[in-house]
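Structural overview for review
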Protein chains: 4
Amino acid sequence: MLEKEKKSLKMLAHKYESVRSQSLKLCEPLEVEDYSLQAMENVSPPKWHLAHTTWFFETFLLVPFLKDYEVFSRPFEVLFNSYYNGVGDQYPRSWRGLLSRPTLATVIEYRTHVDKHIETLLNGKTTSDICFRIALGINHEQQHQELLLTDLKYNFGHNPLYPAYCESVSVGETSENVFTFSEFGGGIYEIGSDIEDEFCFDNERPRHEVLVKDYSLANRLVTNAEFLEFIDDGGYERPELWLSDGWNTLFSLIKKEPRLPLYWFYEDGCLKEYTLSGAQEILPNIPVCHVNAYEADAFARWKNCRLPTEVEWEIAAGNQSKKGNFVEGGIYHPVPAMTSDIDGLFGNLWEWTSSSYSPYPGYKAFDGQLGEYNSKFMANQLVLRGGSCVTPQDHIRLTYRNFFYPIDRWQFSGIRLASDN
Amino acid sequence: MLEKEKKSLKMLAHKYESVRSQSLKLCEPLEVEDYSLQAMENVSPPKWHLAHTTWFFETFLLVPFLKDYEVFSRPFEVLFNSYYNGVGDQYPRSWRGLLSRPTLATVIEYRTHVDKHIETLLNGKTTSDICFRIALGINHEQQHQELLLTDLKYNFGHNPLYPAYCESVSVGETSENVFTFSEFGGGIYEIGSDIEDEFCFDNERPRHEVLVKDYSLANRLVTNAEFLEFIDDGGYERPELWLSDGWNTLFSLIKKEPRLPLYWFYEDGCLKEYTLSGAQEILPNIPVCHVNAYEADAFARWKNCRLPTEVEWEIAAGNQSKKGNFVEGGIYHPVPAMTSDIDGLFGNLWEWTSSSYSPYPGYKAFDGQLGEYNSKFMANQLVLRGGSCVTPQDHIRLTYRNFFYPIDRWQFSGIRLASDN
Amino acid sequence: MLEKEKKSLKMLAHKYESVRSQSLKLCEPLEVEDYSLQAMENVSPPKWHLAHTTWFFETFLLVPFLKDYEVFSRPFEVLFNSYYNGVGDQYPRSWRGLLSRPTLATVIEYRTHVDKHIETLLNGKTTSDICFRIALGINHEQQHQELLLTDLKYNFGHNPLYPAYCESVSVGETSENVFTFSEFGGGIYEIGSDIEDEFCFDNERPRHEVLVKDYSLANRLVTNAEFLEFIDDGGYERPELWLSDGWNTLFSLIKKEPRLPLYWFYEDGCLKEYTLSGAQEILPNIPVCHVNAYEADAFARWKNCRLPTEVEWEIAAGNQSKKGNFVEGGIYHPVPAMTSDIDGLFGNLWEWTSSSYSPYPGYKAFDGQLGEYNSKFMANQLVLRGGSCVTPQDHIRLTYRNFFYPIDRWQFSGIRLASDN
Amino acid sequence: MLEKEKKSLKMLAHKYESVRSQSLKLCEPLEVEDYSLQAMENVSPPKWHLAHTTWFFETFLLVPFLKDYEVFSRPFEVLFNSYYNGVGDQYPRSWRGLLSRPTLATVIEYRTHVDKHIETLLNGKTTSDICFRIALGINHEQQHQELLLTDLKYNFGHNPLYPAYCESVSVGETSENVFTFSEFGGGIYEIGSDIEDEFCFDNERPRHEVLVKDYSLANRLVTNAEFLEFIDDGGYERPELWLSDGWNTLFSLIKKEPRLPLYWFYEDGCLKEYTLSGAQEILPNIPVCHVNAYEADAFARWKNCRLPTEVEWEIAAGNQSKKGNFVEGGIYHPVPAMTSDIDGLFGNLWEWTSSSYSPYPGYKAFDGQLGEYNSKFMANQLVLRGGSCVTPQDHIRLTYRNFFYPIDRWQFSGIRLASDN
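Residues numbered from 1 in each chain as written. Chains lettered and ligands numbered in written order. Predicted model: local features only at pLDDT ≥ 70, side-chain atom pairs only at ≥ 80, totals over all residues. Heavy atoms only, no water.

1. Observations concerning the interface of chain B and chain A
If you look at the interface, chain B gives 28 residues, while chain A gives 28 residues. Summed over both partners, the interface of chain B with chain A buries about 2,400 Å², with 65% contributed by carbon and sulfur atoms. As a salt-bridge pair, Asp 34 of chain A and Arg 101 of chain B come within 2.5 Å of each other at their nearest N and O atoms. Our enumeration of links across chain B and chain A arrives at 10 residue pairs in polar contact (both at pLDDT 80 or more). The residue makeup of the side of chain B that touches chain A, split by class, is 16 nonpolar, seven polar and five charged. (Contact = heavy atoms within 4.5 Å. Buried area = accessible area lost by both parts, 1.4 Å probe. Salt bridge = Lys/Arg side-chain N within 4 Å of Asp/Glu carboxyl O. Polar contact = N/O pair within 3.5 Å; in protein donor to acceptor, adjacent residues only side chain to side chain. Nonpolar A, V, L, I, M, F, W, Y, C, P; charged D, E, K, R; others polar.)

2. Examining helix H8 (residues 293-302) of chain C
Residue and element names in this part refer to chain C. Among the 10 residues of H8, nine are classified as buried, and the element is accordingly described as predominantly covered. Those residues of H8 that sit buried are Ala 293, Tyr 294, Glu 295, Ala 296, Asp 297, Ala 298, Phe 299, Ala 300 and Trp 302. For H8, the secondary structure elements touched by its buried residues are helix H6 (224-232), helix H7 (244-253), strand S8 (350-356) and strand S9 (382-385). You can read the cap of H8 off the contacts: a side-chain oxygen lies 3.0 Å from the backbone nitrogen of Tyr 294, and it is on Asn 292. Residue Asn 304 follows H8 closely and has a positive phi angle near 55 degrees. (Buried < 20%, exposed > 50% of the residue type's maximum accessible area, 1.4 Å probe, protein only. Helix = DSSP H or I, 4+ residues; strand = E, 2+ residues; numbered from the N terminus.)

3. As for the packing of aromatic side chains
This model, assessed by the stated rule, comprises 168 aromatic pairs over all chains. Judged by centre distance (5.4 Å) and plane angle (70 degrees), the rings of Phe 179 of chain B and Phe 181 of chain B are edge-to-face. By relative accessible area, Phe 179 of chain B is classed as partly exposed at 25%. Classification of Phe 181 of chain B as partly exposed rests on a relative accessible area of 31%. Centre to centre, the rings of Tyr 83 of chain C and Phe 377 of chain C are 4.8 Å apart; their planes meet at 75 degrees, and the pair counts as edge-to-face. Of the two residues, Tyr 83 of chain C sits in the loop between helix H3 (74-79) and helix H4 (104-123) while Phe 377 of chain C sits in the loop between S8 and S9, which places them 294 residues apart along the sequence. The ring centre of Tyr 360 of chain B lies 4.0 Å from the NZ or CZ of Arg 401 of chain B, which sits over that ring. (Phe/Tyr/Trp six-rings, centres within 6.5 Å; stacked < 30°, edge-to-face > 60°. Lys NZ or Arg CZ within 6 Å of the ring centre and 35° of its normal.)

4. A closer look at the arrangement of the chains
At the C-alpha level, the nearest point of chain A lies 13 Å from chain C, with no contact between them. Note that chain B does not reach chain D: the shortest distance linking a C-alpha of one to a C-alpha of the other is 13 Å.

5. Some details on the relation of the copies chain B and chain A
You can overlay chain B on chain A at an RMSD of 0.0 Å; the transform is a turn of 180 degrees with a shift of 0.0 Å along its axis. Taken together, these values place the two copies in the relation of a two-fold axis. Every residue of chain B has its C-alpha some distance from the rotation axis, and the shortest such distance is that of Glu 33 of chain B, at 2.8 Å. Comparing interface residues between copies, 100% of those in chain B also lie at the interface in chain A; the contact surface is shared. (Least-squares fit on C-alpha atoms with pLDDT ≥ 70 in both.)

6. A few points about the domain arrangement of chain A
Residues and elements named next belong to chain A. By domain assignment, chain A separates into domain 1 (3-157) and domain 2 (181-420). Measuring from the centre of the C-alpha atoms in domain 1 to the corresponding centre in domain 2 gives 27 Å. With 30 residues of domain 1 in contact, the opposing surface of domain 2 contributes 31 residues. Here domain 1 and domain 2 share an interface that buries about 2,800 Å² over both sides, 62% of which is from carbon and sulfur atoms. Among the residues of domain 1 in contact with domain 2, Tyr 83, Glu 146 and Lys 153 are the three that bury the most area, contributing 26% of the side total. Counting across the domain 1 and domain 2 interface gives one salt bridge. In this structure, the salt-bridge partner of Asp 394 is Lys 15, at a minimum N-O distance of 3.0 Å. Here the side of domain 1 that touches domain 2 takes 17 residues from helix H5 (residues 128-156), the largest share from any one element. Its residues assigned to classes, the side of domain 1 that touches domain 2 comprises 15 nonpolar, 10 polar and five charged. (Domains from an automatic or database assignment.)

7. Structural notes on the confidence of the model for chain A
Per-residue pLDDT for chain A averages 95, and the proportion of residues at 70 or more is 98%. Of the two predicted TM-score estimates for the complex, the pTM is 0.96 and the ipTM is 0.95. (pLDDT = per-residue confidence, 0-100.)

8. Focus on the relation of the copies chain B and chain C
Mapping chain B onto chain C leaves a residual RMSD of 0.0 Å; the transformation is a rotation of 180 degrees accompanied by 0.0 Å of translation along its axis. Of all interface residues in chain B, 100% are interface residues in chain C too; the two copies therefore contact each other through one and the same surface.

9. As for the sheet that holds strand S7 (residues 278-281) of chain C
Residue and element names in this part refer to chain C. If you walk across this open sheet you meet the three strands as S5-S6-S7, and the pairing is antiparallel. Looking at strand neighbours, the two that pair on one side only are strand S5 (264-267) and S7, the edges of this open sheet. Geometrically, the sheet is characterised by an average inter-axis angle of 45 degrees between neighbouring strands, direction not taken into account. In this sheet, strand S6 (residues 270-275) lies alongside S5 in antiparallel orientation, the contact comprising four bridges. Each bridged residue has a counterpart across the sheet, and for Glu 267 the counterpart in S6 is Cys 270. (Pairing = 2+ DSSP bridges. Axes fitted to C-alpha atoms, helices over the stretch in contact; angles between N-to-C directions.)

10. Observations regarding the pattern of salt bridges
Where side chains of opposite charge bring their charged atoms close, a pairing between them can arise. Tallying each qualifying case throughout the model produces 100 salt bridges over all chains. Close ionic contact of Asp 115 of chain B with Arg 20 of chain B constitutes a salt bridge, the shortest N to O distance being 2.7 Å. With Asp 115 of chain B in helix H4 (residues 104-123) and Arg 20 of chain B in helix H1 (residues 3-26), this residue pair connects regions lying 95 residues apart in the sequence. Residue Asp 115 of chain B is classed as partly exposed on the basis of its relative accessible area of 24%. Arg 20 of chain B sits in the buried class, given a relative accessible area of 3%. Close ionic contact of Glu 267 of chain C with Lys 272 of chain C constitutes a salt bridge, the shortest N to O distance being 2.8 Å. One network of salt bridges, with partners in common, ties together Arg 20, Arg 111, Asp 115 and Glu 141 of chain A.

11. Describing the sheet that holds strand S4 (residues 215-218) of chain C
Residues and elements named next belong to chain C. Pairing is antiparallel across the open sheet formed by three strands, whose spatial order is S1-S4-S12. Lying at the two open borders of the sheet, with one neighbouring strand each, are strand S1 (181-184) and strand S12 (418-420). This sheet shows a mean twist of 25 degrees between the axes of neighbouring strands, independent of strand direction. Strand direction decides the pairing type here: S4 and S12, joined by three bridges, are antiparallel.

12. Details of the interface of chain B and chain C
If you look at the interface, chain B gives 25 residues, while chain C gives 25 residues. Around 2,000 Å² of area is buried between chain B and chain C when both sides are counted, 53% of it from carbon and sulfur atoms. Where chain B touches chain C, the interface holds zero salt bridges. At the surface where chain B touches chain C, the tally comes to nine residue pairs in polar contact (both at pLDDT 80 or more). A per-element tally of the side of chain B that touches chain C places strand S3 (residues 208-212) of chain B first, with three residues. In terms of residue class, the side of chain B that touches chain C is built from 13 nonpolar, six polar and six charged.

13. What to know about helix H9 (residues 310-317) of chain B
An α-helix turns once every 3.6 residues. As a result, residues three or four positions apart point the same way. Of all eight residues in H9 of chain B, eight are buried; the element is thus mostly enclosed. For H9 of chain B, the complete set of buried residues consists of Glu 310, Val 311, Glu 312, Trp 313, Glu 314, Ile 315, Ala 316 and Ala 317 of chain B.

14. Observations concerning unusual backbone geometry
Here Arg 101 of chain A and Pro 102 of chain A are connected by a cis peptide whose omega angle stands at 0 degrees. Tracing the backbone shows Pro 102 of chain A in the loop between helix H3 (74-79) and helix H4 (104-123). A positive phi angle, close to 60 degrees, is found at His 290 of chain A, a residue other than glycine. Structurally, His 290 of chain A can be placed in the loop between strand S7 (278-281) and helix H8 (293-302). Of note, the phi angle at Tyr 332 of chain D is positive, near 60 degrees, even though the residue is not glycine. Its location among the elements puts Tyr 332 of chain D in the loop between helix H9 (310-317) and strand S8 (350-356).

15. A word on the pairing of strand S9 (residues 382-385) of chain D
Along a regular strand, successive side chains alternate from one face of the sheet to the other. All names here are of chain D. In S9, alternate side chains face the same way, and those of Leu 382 and Leu 384 on one face and Val 383 and Arg 385 on the other are all buried. With three bridges connecting them, S8 and S9 associate as antiparallel partners. Looking at S9, one finds that Trp 352 is bridged to Leu 384. The pairing of S9 with strand S10 (residues 402-404) spans three bridges and is antiparallel. Looking across to S10, one finds that Leu 382 is bridged to Phe 404.

16. Observations regarding the environment of Ser 244 of chain D
Mapping Ser 244 of chain D onto the fold places it in helix H7 (residues 244-253). Residue classification places Ser 244 of chain D among the buried residues on the basis of a relative accessible area of 11%. A sequence separation of 50 residues divides Ser 244 of chain D from Tyr 294 of chain D, and the C-alpha atoms of the two residues are 9.2 Å apart. With residues up to four places along the chain from it excluded, the contact list for Ser 244 of chain D reads Lys 376 and Phe 377 of chain A.

Written as structure tokens, this is what we have:
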């Protein structure tokens, strides 16, 4: 093995170790009971996240590549398979909160068991396929770290005791940040990834040319204060602002009056929101969070703007540094914009785009069972870009495509406006 | 205070203490994670049962009767209120499994806090109303002890690991027990309760005359072997055997083919059932358990019999001793009949009757907020009689009326046949 | 054949003819389009009623008893079978409104065809079984005449044009009728039917003794004015007045605020109700109509009364004449009480009882396929007594037991109060 | 007025008349009962289509532009408003089948009334806005002509009598048509419309440049024979072929085994399909019809192909003549391909594309209330192209964008395969 490869392998092993231990670190504030919460089918309990990410390494690395490996537990093959039909049956998704057994202790044991064998695997003869799958597993685990916090917030959000996951961090109240647009010229650009040696998901490939018209992009995310203006102006009661599917689902999605973003509520006449630090006052300059794509679109229409396409976003973000409010900051909540230049494209909040989650021209899904990772979801979903305050910083990329249904609100999702010039 | 009253009060305090500690004892085999399970709206997590029974004493005794008492926690007033609209709001029933907080430790603390104050209350000046409410609270807690186990079985039943709550107890395989009927003469009888000094629920009162025709009652419960004959004879596929509501719900209730009682399943071609001791072979002479009233009725029709009325049951049981297979036996599963005489009316399994759960003539509900305890459920439900293998023995009475919807299968419910002479 | 039998047969043939033609007469005010309406699964289109009653005679008389009879149409055997599993498959109930074909003309042809053959059958050698089945078919058709109007009202009730089936009949506004109770002494009574020669349904047999306590029964039905008092007193918002199942379904059943009986609505601030004569003002002295058993029970509780049992009703009605406001009167709407004596037990409105629809002791269902007529519905339903303004007068009997689910509101159902003495 | 304008206005008036009378002509084979059918929320009864298209002219032309015009009926403003919130309230969509009144006769009267006044309007002083709206109304009515037949098929499809709307037309059984691909070179193309004087919908504008890679497009639609191969190869049981949303909805959408395209069924072991000429044998060379986008996508994946984008379709169709199997042919069913060249892009069947229904860059919705016509549906839907055998020929255009949810199967929709070169 070349020195370079050795070094790269060492780095991979190191990354594996640090990401795996980060998952447990994120769970430190939890009580044992918190590990089993599942308040809707879309969210999974922390314990399940811990086990499923482990199952991923076991299933796609140890089973096929480590000689004589015996699975930790036969039933786990079904219990912790998320959606890989090619691998086998799956325990019903909506029942994940019913798995009091295996206990947390057993799941930790499972993690240790698999980590030990992954170490063995990496100390043996590795191939590029193995290294790719390790990298994929690491990125997969990072995705679940974000989901673990996002889901936890949703679960805790059903508890009137408003449990706090973390201390509240004062972000300092900033003066109102001016709202401006930056203009971008049209033409042929390239988006997507073609870097050989760097990990990315199949859905980011291939790098390809796109044709864009002139457009403008807001310098910062829409704030709570701005969204409150929309509400006060009857935004939630004016069908002309809404996509038909958004309007029709509004009544089933938000039953309580007045309609508000997820986690917002009135207490003693005072508007508050549930955060991972517990119930908090709504601060005006903080970006509005936990709106779905219909709310984002209605707000944009109200402003005579529109949502950006993912192409427009990627072009604009190409000039930006990847700094921002990520999970490492330990805030777990959006922070106000700090500059009047276009900024904050990375971190803080996932930004809804108007782009449907579709394959890039020439797209090839990952091979074999791993082909189910991304490609089968390319219907009915929209792309979100840039990462959020619960995303690991080194997980995000310029070309990264997150995707959710337009109706989904439990992600840390916000609004950046765009318009034609 | 008279000596008799003192003694009676002392007995009550002792009963309080023993029933309260029994609730915790029943939880000893549980893992912390098990305390939060809720697999359907009808079942509650063990932790919730522990807290709600405590809330009952706090709400109906400490708050109104103990001077200067301060509630342990304001939010608990809502979180652990089951269905008392007269008391106030209730946390949504279907969300009880989402209460990771308060933690188990806090709930135990809550129990200790309330127990201490109940002790204070009982050491002070008591009234007959206080004593009655203590007795009601004790009986209420016993009902929840049974539900705690019944619900736990349902929750564990969703876990393919088949968690065992207890060791399996070999009940000895008995020889097939002859199936006979005992005849009872018609006439005017009295049922219900009018005993002043003994606790009973409002729904058991008043004692009143009933007019009955001659009838026969089976000497024992229907067995697994007999129910298997029904299945093998196409019982689940023959609409002529079924009440219309039963037939119409069959397809939504039991989706898997072949249709079977709750907890029965095929594994490697072998018919098994999930029990609180884990997955077990189906033993032929054990009474069939976890059937709903429609299944019980269809079986009876197939046998050219019918279900008994609650009047017929109570008349027959009037001559029987209250011995049987109760929770104290630690078996948590039905056992075979031991004699060919009519027997086993108490314990083992709740016996479905054809009687709708209605008020007795002259019925008066408990006063005030406690009026909601029983009376508002007198619609659409059927009476079950006799207690089960998870009922506390000293909780059951000849006149005891349990009630569930005919569609319910998760109770320890079985079939005793009756017929006209 | 004896002269008496001949006469009886002639009367039967005559009755057949008159009831069959009455069905068509009831349809005279309809437009062709009205014949296919089905606004919920529980109601059937007029055309379907016309065809199904014909299918009944064809299936249970012509096919088994008329030599060489060929069915009018093979597909009709499925299309117009309501719920007789013993006969064969059934077209889905909720799709009955989708049968634009066969056209009305064809259904009329079907009726003529079957009538002609029934005439042939009755002119041949008859048996007591044939005569019984003819009588059953006649009574069956009368039931569907009532349903035809009841269902039509429900269907028309979805049309904001408020179509009128008939002219409005002024019933004369009466002075407020005093509300009193009549007392009845307890003891052993007989209810049910044992008359050999007179038709009745199996569920009315056998005549049998019942034991009753002293009770009182209201002299008349509850009026609109009284029910409005209940509403104004917050009756629909006070859970303590409601059975739990009633309270829980209230919100899904009646979505609009304020909650009101079925067919009531506000128009320009004025309270109205839809009737078969179109939208009308709510008259205070008219009995309140289209309430379900939960509303009836809540009203009774609010009045410190209760609903009568069917036994209490039958005992009281035993002394009453069968005169009243029936379909022949052509009013199709309840009328005010005319006397301060106990009255109006027959006709006007079906009266909810608290009695679950259960078999009488010693009950035997009709033989064979006809056993499905009544017996399979003996679960979850309540008995209503006395007939209504859309019941044919000669269809009703003292012992007649109608039955619907407590949640049902589309029948012409009202409230008569009872109480313990 | 210029001669040219006069002529153009005359043509418009003529077009109005011919399209309006065509709607009635399409209804000639119907029985009165057929006019009210509505088998699911998505379909509307013929009578409703006839009234709604009339409402469109009344609301958007007569009310704003014809002096002193009085609406035919106030309630019709609500009854026949489809989804224009800007205009006012709407009668619930799922209740359209309950409108037995107004009768067909009244709706015809309504049409005559509006036609007469439109004539008056067109004989007066017209503006370009009026002319545009007349053209829009005409195109709108043509869309509903197609829906009238499409919906009728769905409604009739629930009737086991398989009503025939028309005579069966023998299309001649062709020899198997070879399946080839045509290659198209990549580059910058223009799609969409910018023709000033010709009517098109707002969603087709503006004409704009697109960037395309090389691709191939199938010369003809997928046939029944080919789709049967897919079924026989387990296509409906292999999750790896399906988009996740398609796979998850498959079980709720198609309950019967074996899974088949809409309208296909087995009768006496023989595979048939319901057509507007009644039940017919499945012919192998006829294009497969009534598949949804998930079925189309799964089939494409099975063939190692993909669905085309709408851009790819429009580029390819740019060279084709607009001849084909349209509604005027009176076949109302797809016909086999007649040539081995690329053909049949127009007519026969709507062709699913993989393109989400999104606004073109620079898109502007119609002004005012008419803005709701298209733009609010730009979420969750896919574009279909080319028209079908029930589309009026002069309604279709190269740039025409039809749109439905990927789950919809009741449209005349088929599959044309594409692939990367």
